[in-house]
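One letter stands for each residue in the lines below.
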Amino acid sequence: MARGKKPDWMIEIAQERMDILFNRAEKEYKEHPERSHRYVELARKISKKYNTKIPQAWGRRYCKNCYKFLVPGHNCAVRLINNEINIYCGECGHIMKIPYIREKKLKRRAKIDSYTFKKRDYE
C-alpha cells in the first residue's frame, strides 16, 4: 500500500456510502430539499476524504457550482443545444455543458452497419 493511499475495502465502503446518500437524496427531495442538498455535501466530503470519484450514475445529479441536488423539472432544466446537453441549475444559474457527439457517432455507425448487413442478406 502506497503512502497516503487507502485500502481497497475502505474505498468500496466509501462508494457504497455515497450511493446510499444519493439514493436518499433522491427519495427525500420532494419532502425536504434542504436535507437532500446536505446528503450531496456529505457524499462530496466522503469522496474527497477517500480520494474517489462520485459514482458515474450520480455525477450529473448535482450542480458542480453550488453542490445542490438537481431534479429535472423542479430545480433544473435540461436542454439539447448544438450537440451538447445543457443542464441549467435553478438554484445558482450555473449551466453545465456535456457533449454527446460520441453517442451520435455510435448511433450513426450502428445504422450504417445494419444497412450493410441487410444489403448483404439480399445478395
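Summary of the structure given here. What you see is a predicted model, and the numbers here were worked out from it, not measured in a lab.

It is worth spelling out the packing of aromatic side chains at this point. Evaluation of the coordinates by the stated rule reveals 4 aromatic pairs. Plain terms: the ring middles of F22 and Y62 are 6.1 Å apart, the flat faces sit at 35° to each other, and that makes the pair tilted. Here F22, found in helix 1 (residues 8–28), pairs with Y62, found in the loop between helix 2 (33–49) and strand 1 (76–81); they are 40 residues apart in sequence, far enough to count as distant. Y62 gets classed as buried once you look at its relative accessible area, which sits at 9%. With 6.5 Å between their ring centres and 40° between their planes, F22 and F69 make a pair best called tilted. Of this pair, F22 sits in helix 1 while F69 sits in the loop between helix 2 and strand 1; the two residues are 47 residues apart in sequence, bridging distant segments of the chain. The two residues F22 and F69 agree in class, both being buried. Taken together, the ring pairs in this structure connect F22, Y29, W58, Y62 and F69 into an aromatic cluster. Lying over the aromatic face of Y67, R44 brings its terminal NZ or CZ to 3.5 Å of the ring centre. In this arrangement the basic side chain of K64 is found over the ring face of Y62, its NZ or CZ atom lying 4.4 Å from the centre.

Thresholds, definitions, all that
Residues numbered from 1 in each chain as written. Predicted model: local features only at pLDDT ≥ 70, side-chain atom pairs only at ≥ 80, totals over all residues. Heavy atoms only, no water. Phe/Tyr/Trp six-rings, centres within 6.5 Å; stacked < 30°, edge-to-face > 60°. Helix = DSSP H or I, 4+ residues; strand = E, 2+ residues; numbered from the N terminus. Buried < 20%, exposed > 50% of the residue type's maximum accessible area, 1.4 Å probe, protein only. Lys NZ or Arg CZ within 6 Å of the ring centre and 35° of its normal.

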